Amino acid sequence: MEKNNSGQRTLEIIPGLISWGIILTLVLLAFIKPVSCAVIILVFDFYWIIRTIYLTTLLLMAHHRLYREKSKNWLKLCPENNFYHLIIFPVYKEGLDILRPSLEAIKNCHYPKNKIIIVAAFEERNPNARENARVLESEFRSAFHFYLSTFHPDGLSGEKRTKGANATWAAKQAKIFLNEQGIKDEDVILSCFDADTCVNKEYFGCLTYHFVNSPKPHQSSYQPMPVYNNNIWQAPSFARLVEISSSFCQMIEGMRLEKFVTFSSHSMSFKTLVDIDYWPVNMVSDDSVIYWKAFLFYKGDYRVIPLYVTVSMDIAYSNSFIKTIKIQYKQKRRWAWGVENFPFLVNGFLNDRDIPLVKKIRRGFHLLETHVTWAIWAVILLFIGPLPVIFGGVFFNQMAIGYNLSKITGLLLHFTLFTSLVWIMLSRLILPPRPKGVSRFKNIVMVMEWFLVPFIILILGSTPALDAQTHLALGRYMEFNPTPKSKKVV
Amino acid sequence: MLNAQRIRGVLFFLSVAVFFIGLPFILSFALGYKFNPRTFKFTQTGLISIKTHPQGAHVYLDSKLLNEKTPVTISELLPGLYSVRLELEDYYPWSMQVNVEPRRVTRIEKVILFSTRPNVKQLNQRNASFFYFDEEKKNIYYFNREESIIYESDLEGEKFKEASVLPDTFKGVPKGLKLSPDKEKAVVFNSDQVCILYLSLKGSLLYGHPPFVLSYPGQKIIQVFWHSDNYHLFLVTDKNIAVVEANPKPNKVNLVNLNSGPAGLFYDKDKDILYFSDYQMGTDGVIYENIYKLELSGKSYIINNEVKSRLNGKE
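Residues numbered from 1 in each chain as written. Chains lettered and ligands numbered in written order. Predicted model: local features only at pLDDT ≥ 70, side-chain atom pairs only at ≥ 80, totals over all residues.

## Some remarks on the overall build of chain A
Moving on, step 1. When helices and strands are tallied, chain A shows 19 helices and 8 strands.
Moving on, step 2. In terms of C-alpha radius of gyration, chain A reaches 23 Å, essentially the compact-globule figure of 23 Å for 490 residues.
Moving on, step 3. C-alpha atoms of chain A, sized along the principal axes, occupy 80 × 60 × 45 Å.
Moving on, step 4. Buried positions account for 45% of the 490 residues belonging to chain A.
Moving on, step 5. Considering only contacts in chain A between residues 6 or more positions apart, those separated by 24 or more positions represent 85%. (Helix = DSSP H or I, 4+ residues; strand = E, 2+ residues; numbered from the N terminus. Rg over C-alpha atoms; globule rule 2.2 N^0.38 Å. Buried ≥ 20, exposed ≤ 12 C-beta atoms within 10 Å, placed from the backbone. Contact = placed C-beta atoms within 7 Å.)

## Observations regarding the overall build of chain B
Moving on, step 1. For chain B, the helix and strand inventory stands at 3 helices and 24 strands.
Moving on, step 2. The C-alpha atoms of chain B give a radius of gyration of 34 Å, which is well past the 20 Å a tight globule of 315 residues would have.
Moving on, step 3. For chain B, with 315 residues in total, the buried portion stands at 23%.
Moving on, step 4. Sequence separation of at least 24 residues holds for 41% of the intrachain contacts in chain B that already meet a minimum separation of 6.

## A few points about the environment of Lys107 of chain A
Residues and elements named next belong to chain A.
Moving on, step 1. One can find Lys107 in helix α4 (residues 96-107).
Moving on, step 2. Of the residues examined, Lys107 has 14 C-beta atoms within 10 Å and is grouped as partly exposed.
Moving on, step 3. Between the C-alpha atom of Lys107 and that of Arg353, which follows or precedes it by 246 residues, the distance is 46 Å.
Moving on, step 4. Residues within four places of Lys107 in sequence aside, it is in contact with Phe140 and Ala143.

## With respect to the interface of chain A and chain B
Moving on, step 1. Counting residues at the interface gives 21 residues for chain A, matched by 23 residues for chain B.
Moving on, step 2. Put simply, the parts of the chain that give the side of chain A that touches chain B at least two residues each are α2 (34-69) and α16 (400-429) of chain A.
Moving on, step 3. Tallying contributions element by element places α2 of chain A first for the side of chain A that touches chain B, with 11 residues.
Moving on, step 4. Tallied by class, residues from the side of chain A that touches chain B come to 17 nonpolar, 3 polar and 1 charged. (Nonpolar A, V, L, I, M, F, W, Y, C, P; charged D, E, K, R; others polar.)

## Some remarks on the sheet that holds strand β6 (residues 72-77) of chain B
Moving on, step 1. Spatially, the 3 strands line up as an open sheet ordered β6-β3-β9 (chain B), and their pairing is mixed. Among the strands making up the open sheet, the edge pair consists of β6 and β9 (105-112) of chain B. Across the sheet, the mean angle from the axis of one strand to that of its neighbour is 15°, orientation sign disregarded.
Moving on, step 2. As paired strands, strand β3 (residues 46-53) of chain B and β6 of chain B are joined by 4 bridges and run antiparallel to one another. Note on β6 of chain B: the bridge partner recorded for Ser49 of chain B is Thr73 of chain B.
Moving on, step 3. Its contacts with the sheet put α16 of chain A on β3 and β9 of chain B, and the angle it makes with β3 of chain B is roughly 65°. (Pairing = 2+ DSSP bridges. Axes fitted to C-alpha atoms, helices over the stretch in contact; angles between N-to-C directions.)

## Points about helix α1 (residues 6-32) of chain A
Residues and elements named next belong to chain A.
Moving on, step 1. The sharpest bend along α1 measures roughly 30° and falls at Ile14, with the proline Pro15 sitting one to four residues further on.
Moving on, step 2. For α1, the set of buried residues is Glu12, Pro15, Gly16, Ser19, Leu26, Leu29 and Ala30.
Moving on, step 3. Of the surrounding secondary structure, the elements contacted by the buried residues of α1 are α2, α12 (341-350), α13 (357-384), α14 (387-391) and α19 (463-473). (Bend = angle between axes of the 7 residues up to and from the residue.)

## A few points about the sheet that holds strand β20 (residues 240-245) of chain B
Residue and element names in this part refer to chain B.
Moving on, step 1. Here 4 strands make up an open sheet; going across it, the order is β18-β19-β20-β21 and the pairing antiparallel. For this open sheet the edge positions go to β18 (221-226) and β21 (252-257), each flanked by a neighbour on one side alone. Taken pair by pair, the neighbouring strands of this sheet meet at an average axis angle of 20°, ignoring direction.
Moving on, step 2. Examined bridge by bridge, β20 and β21 share 5 bridges and lie antiparallel to one another.

## Description of the environment of Ser15 of chain B
Moving on, step 1. You can see Ser15 of chain B is positioned in helix α1 (residues 2-31).
Moving on, step 2. The exposure class of Ser15 of chain B is partly exposed, given the 17 C-beta atoms found within 10 Å.

## Details of the domain arrangement of chain A
Residues and elements named next belong to chain A.
Moving on, step 1. Domain annotation of chain A identifies domain 1 (6-65 + 360-473) and domain 2 (78-333).
Moving on, step 2. Placing a centre on the C-alpha atoms of domain 1 and another on those of domain 2 gives a separation of 30 Å.
Moving on, step 3. Facing 28 residues of domain 1, the contacting portion of domain 2 comprises 22 residues.
Moving on, step 4. Put simply, the parts of the chain that give the side of domain 1 that touches domain 2 at least two residues each are α2, α16, α17 (441-448), α18 (453-461) and α19.
Moving on, step 5. Here the element with the most residues in the side of domain 1 that touches domain 2 is α2; it accounts for 7 residues.
Moving on, step 6. Class assignment of the residues belonging to the side of domain 1 that touches domain 2 gives a composition of 20 nonpolar, 3 polar and 5 charged. (Domains from an automatic or database assignment.)

## A word on the nonpolar core
All names here are of chain A.
Moving on, step 1. Membership of the largest hydrophobic core comes to 152 residues, with the highest contact counts inside it found for Leu86, Ile88, Val119, Ala120 and Ala121.
Moving on, step 2. For this core, the element with the most residues is α2, which contributes 15 residues.
Moving on, step 3. Ignoring anything within four residues of it in the chain, the contact list for Ala121 reads Ile88, Phe89, Pro90, Val91, Thr150, His152, Asn166, Ala167, Trp169 and Ala170. (Core = buried A, V, L, I, M, F, W, Y, C linked by C-beta atoms within 7 Å.)

## Overview of the packing of α12 of chain A against α13 of chain A
Residue and element names in this part refer to chain A.
Moving on, step 1. Viewed as axis vectors pointing N to C, α12 and α13 meet at an angle of 170°, and their least axial separation amounts to 10 Å. By the angle between their axes, α12 is roughly antiparallel relative to α13. Between α12 and α13, the residues in contact are Asn341, Phe342, Leu345, Val346 and Phe349 and Lys360, Gly364, Leu367, Leu368 and His371, respectively.
Moving on, step 2. Its residues placed into classes, the contact of α12 with α13 shows 6 nonpolar, 3 polar and 1 charged. (Parallel < 35°, antiparallel > 145°, perpendicular 65-115°, else oblique.)

## As for the pairing of strand β11 (residues 139-144) of chain B
Residues and elements named next belong to chain B.
Moving on, step 1. Relative to β11, strand β10 (residues 130-134) is paired through 5 bridges, and the arrangement is antiparallel. Directly across from Phe131, in β11, lies its bridge partner Tyr142.
Moving on, step 2. Here β10 folds back onto β11 in antiparallel fashion, the turn holding 4 residues, of which Lys138 has a positive phi close to 55°.
Moving on, step 3. As paired elements, β11 and strand β12 (residues 149-154) share 6 bridges and run antiparallel to each other. Bridging from a neighbouring strand, Tyr142 pairs with Tyr151 of β12.

## Focus: the packing of helix α10 (residues 286-297) of chain A against α12 of chain A
All names here are of chain A.
Moving on, step 1. Viewed as axis vectors pointing N to C, α10 and α12 meet at an angle of 5°, and their least axial separation amounts to 10 Å. With respect to α12, the axis of α10 lies roughly parallel. Facing α10, whose interface residues are Ser288, Val289, Trp292 and Leu296, α12 presents Asn341, Phe344, Leu345 and Gly348.
Moving on, step 2. Split by residue class, the contact of α10 with α12 holds 5 nonpolar, 3 polar and no charged.

## Overview of the confidence of the model for chain B
Moving on, step 1. Here chain B averages 86 in pLDDT, while 91% of its residues score no lower than 70.
Moving on, step 2. This stretch, residues 299-315 of chain B, has a pLDDT under 50; its non-local contacts, to residues over four places away or in other chains, come to 15 contacts. (pLDDT = per-residue confidence, 0-100.)

## Let's talk about unusual backbone geometry
Moving on, step 1. Here His53 of chain B and Pro54 of chain B are connected by a cis peptide whose omega angle stands at 0°.
Moving on, step 2. The linkage connecting Thr70 of chain B with the following residue, Pro71 of chain B, adopts the cis geometry, with an omega of 0°.

## Remarks on the pairing of strand β2 (residues 41-44) of chain B
Residues and elements named next belong to chain B.
Moving on, step 1. Note: strand β1 (residues 33-36) against β2, 4 bridges, orientation antiparallel. If you follow Lys34 over to β2, its bridge partner there is Thr43.
Moving on, step 2. Counting the residues that bridge the hairpin from β1 to β2 gives 4 residues, and of these Phe40 lies at a positive phi of roughly 60°.

See below:
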């Protein structure tokens, strides 16, 4: 990302400026025009209720689809094909306890292993990289068509220490190797997985089916549904709730195809990856920016196809409550750093003459709106909502709106309780079976823990997004800070 | 998937429609407007908020019984004068004329409904001629004139017991009872006598003598206060303010001479300051009524030490 370009800086400032502008304007209005502030709050509250009900309905539909397609034998549905699956695992500090289950999951997949090529992409700067690579190679070399270990050198010119830089290095190494083996780029379907990603047995069958049947397979990304089931029974309530909510958000996004963007572990055409010159090596949000790169490359004719199979990842947590909050906060802030896609996308739009203007405006607005809403919603609902009543003075409190504000807000927000019940019910349905040694009592805990939601909203609702946008606006760029994951708690 | 997208499209437009149709009604209601479906116009209204203690009172608005009971908010009222009547069985009714203003809330939120059958409970088990209420210990001390005994009970009349007996030398009708700050002693006084009683064994051990009476014939004792040292007493009579020690042979020091019995008295027990009123003739021959402040904390430290050393000696 160019830092010194004034146009670029302006675009970086816009999201934070809008978010802070809305918040500060509302705070100011609460003092000087409490009635106007109250009216805006009511409009926002009502919008939020409608939005919550709408999104929960989408979640129900997505869940129904996931449930319906769970037992499909995708491999059987796939026609004969010559596609190879190239799976890259960018690794930094993750140890064997994380990588081994991920590779085991692929090994146990319901898909021919002679069509699967694994690339374990290590960072050269990790002192354990070579030893871990050697152990894994000895265990898994014979299980797949090819198994490669790559070691990304530290400090390459123009690079930041990001996952994208490592993945790009690995993909380039893989290309050389594949071409040497006579495998063409267009015959390779790439999956870039976080190190803790354990795929569903049907994943590659489902992916191949959709790739083969897609009208434009190279102009599509393929997004599985991320769930955090690997250690969900062991994780503390706070972390578990946050990650279940993240899974649900992704399932909802999968229903909104026109806004759908790749997230975390996903797949795409290897040819497309090569054509768009791989992942950016200096941006943190590699998982989403790769979509926007392809979108710009194909002049807006690029999409994400949701795959209704799950990939399971680890919930990041610690044995200390405060540490768990910190880990979760940092992870959400890194996700919110996806706001760096906004200047990237607008710059791309400005340099493009082929994408229809309406499409540019719509996609740019969606991206901006998503991040701004993320940064302000909890602040408005929890902090600004009561301000007119507190600071409006006697006059405001004698007004009908002064009296009605808290009552109507309370009533409207009670509607969200119904949606919470749906979320609780669905969270039970996506749970893996209870492991031996975990008490039945945990089932009750997992329902009761939903009472923590207001507390979570307070901490992780808007703050990480506001934090990320403020950093971007101030030009204090975030380094890639991988979420520490371990089968043993941190 | 296409079908799902079609359903989603319908849902989206349905949500947008609900938002834009519902929003004017929510906002107009919040702002105090009422929609008239006949005229398709919004009319300004006001509302009345009623809260009572106890809750659950029936509400009559212009003599019409409403369905809800208190606490209740009556909304969408056209501006004007309304009569509000609140009724609850076994409680006195409450009524008021209320003026409802447009877009305003009229709050009737501090209504206490008083019972027609007040909850009165007798606390004493012996005749009580007067009582002293101890806020800290949550106790009541009352004096039985026939037996010359001070009884003690908690605020429910339970834990009843005899606290102390007045000596025979105390004559006449007691006027007041005061507990020392440490709750070990009590002073009972009449017009010219002061009796010191011990409320616990510790109290009598501390001073080494039984209850005793101090007599001040020729004076009219108006009020007695304990000093914070639990040892000195301030006697306010119609002639002076004096300090005496709480022992059978006390020193008595006249602190202030008064021109008349003070009309007002207040003792700040935290700071040992006595506020009192008195008449004073000015140099112009006119009688002025003044309020005075008398600081009494000077000797307390020394006296306290004396008391402590005595206590240590006993132990």
